[in-house]
Amino acid sequence: TERTLSIIKPDATKRNLTGKINAKFEEAGLRIVAQKRIHLTKAQAGIFYKVHAERPFYDELCEFMASAPVVVQVLEGEGAIAKNREVMGATNPADAAPGTIRAEFAESVGENSVHGSDAPETAAEEISFFFAGLEIV
Ligand code: ATP
Ligand code: MG
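This one's a predicted model, so the numbers in the text were calculated from it and none came from an experiment.

**Focus on the packing of aromatic side chains**
On inspection of all chains with the given rule, the structure shows four aromatic pairs. Note on phenylalanine 48 and phenylalanine 129: the rings are 5.7 Å apart at their centroids and 55 degrees apart in plane angle, and the pair reads as tilted. Here the residue phenylalanine 48 occupies a position in helix H3 (residues 42-48), and phenylalanine 129 occupies one in helix H7 (residues 120-130), the gap between them amounting to 81 residues. Of the residues examined, phenylalanine 129 reaches a relative accessible area of 36% and is grouped as partly exposed. Ring centres of phenylalanine 48 and phenylalanine 130 lie 5.4 Å apart, and the angle between their planes is 45 degrees; this geometry places the pair in the tilted category. Of this pair, phenylalanine 48 sits in helix H3 while phenylalanine 130 sits in helix H7, placing them 82 residues apart in sequence. Phenylalanine 130 matches phenylalanine 48 in its accessibility class, with the two residues each being buried. Members of the aromatic cluster, each reached through a chain of ring pairs, are Phe48, Tyr49, Phe129 and Phe130. Seen from the ring of phenylalanine 131, lysine 36 lies directly overhead, with NZ or CZ sitting 4.6 Å from the centre.

**Here we look at helix H2 (residues 18-27)**
Along H2, the positions that sit buried rather than exposed are Ile21, Asn22, Lys24 and Phe25. Down the axis of H2, the smallest arc covering the buried residues is 150 degrees, so these residues share one side. Exposed positions of H2 whose direction lies more than 90 degrees from the buried face are Gly19, Lys20, Glu26 and Glu27. Backbone geometry just after H2 places glycine 29 at a positive phi near 90 degrees.

**Examining the site of ligand 1**
Near ligand 1 lie 14 residues; those nearest to it are Lys9, Tyr49, Thr91, Gly110 and Asn112. Contacts to ligand 1 include histidine 52, whose side-chain N or O atom sits 3.1 Å from an oxygen atom. Asparagine 112 is positioned with one of its side-chain polar atoms (N or O) 2.9 Å from an oxygen atom of ligand 1. Within the complex, the protein chains bury 81% of what would otherwise be the 580 Å² of accessible surface of ligand 1. Elements represented by at least two residues in the shell around ligand 1 include exactly helix H5 (80-88) and strand E4 (114-116). Among the residues forming the shell around ligand 1, the class breakdown is five nonpolar, six polar and three charged.

**Looking at the sheet that holds E4**
Ordered in space as E2-E3-E1-E4, the four strands form an open sheet in which the pairing is antiparallel. Single-partner strands in this sheet number two, and they are strand E2 (31-38) and E4. Neighbouring strand axes in the sheet, compared pairwise and without regard to direction, differ in orientation by 20 degrees on average. As paired strands, strand E1 (residues 2-8) and E4 are joined by three bridges and run antiparallel to one another. Opposite isoleucine 8, over in E4, you have valine 114 as the bridge partner. Each of E1, E2, strand E3 (70-77) and E4 touches H7; the most contacted strand, E1, lies at about 55 degrees to it.

Rules and cut-offs
In this convention, every chain numbers its residues from 1, walking through the sequence in written order. The order in which chains are written sets their letters, starting at A; the order in which ligands are written sets their numbers, starting at 1. For a predicted model such as this one, the threshold for reporting local features is a pLDDT of at least 70, and the threshold for listing and counting side-chain atom pairs is 80 or more; totals across whole chains, interfaces and linings nevertheless cover every residue. As a rule here, side-chain values cover all heavy atoms of the structure and leave hydrogens and water aside. A pair of Phe, Tyr and Trp rings is counted when the ring centres sit within 6.5 Å of each other, with Trp represented by its six-membered ring. The angle between the planes then sorts it: under 30 degrees is stacked, over 60 is edge-to-face, the rest tilted. Secondary structure follows DSSP: runs of H or I at least 4 residues long count as helices, runs of E at least 2 residues long count as strands, and numbering of each begins at the N terminus. To sort residues, take the accessible area from a 1.4 Å probe on protein chains only and compare it with the maximum for the residue type: under 20% means buried, over 50% means exposed, and anything in between is partly exposed. For a lysine, the NZ atom is tested; for an arginine, the CZ atom; a charge sits over a ring if that atom is within 6 Å of the ring centre and within 35 degrees of the ring normal. An arc is given here, and it is the one of the directions from the helix axis to the C-beta atoms. Proximity criterion: a residue is near a molecule or strand once any of its heavy atoms comes within 4 Å of it. Polar contact is the term for a pair of N or O atoms within 3.5 Å; when the atoms are in protein, one must be able to donate a hydrogen and the other to accept it, and sequence-neighboring residues count only if both atoms are side-chain atoms. For every accessible area listed, the method is Shrake-Rupley and the probe measures 1.4 Å; residues are considered covered only by the protein chains on display. Note on residue classes: Ala, Val, Leu, Ile, Met, Phe, Trp, Tyr, Cys and Pro are nonpolar, Asp, Glu, Lys and Arg are charged, and everything else, Gly too, is polar. Here, a strand pair is defined by DSSP locating no fewer than two bridges between the strands. Axis lines are fitted through C-alpha atoms, for helices just across the contact stretch, and the angle between N-to-C directions can take any value from 0 to 180 degrees. Whether two residues touch is decided by their heavy atoms; if any such pair falls within 4.5 Å, the residues are in contact.

No statement about biological role is implied by the geometric values presented.
Shown next, in the form of structure tokens:
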């Protein structure tokens, strides 16, 4: 079975939506095998999102990710990376399919409630950024 890194972003934690979002993952057959609530510094958010360093929204994105606590989690299941992205919906909530997390909860393309790894290599790197092996059960 595959694992992916998920983040419930500040816009969602501020609106107390963690449980509703976790229910979507569980209904889709994804198991939460690690989870913690942390408050990132802007510098830590910058390291996590370093692939976007040259994009015009990078500074705003890092500022946002450090604006309130996030819930970081490891989701496990058959095809977890693709399945999670399906449950999340498109980056821009205006394009997200009905019933997806972003369609139901996201506020804008930037404040879009969740992050999910996009490939096996990034999933492995992102999981080890936040979790030690012993924390994943
Ligand atoms: P994520 O990586 O967070 O799971 P994603 O893979 O759907 O989302 P990316 O293209 O990797 O989207 O962008 C990373 C994040 O940067 C987005 O989730 C969003 O928060 C922010 N972002 C992307 N495009 C824009 C934009 N045009 N304006 C503002 N923020 C943006
Ligand atoms: Mg991405």
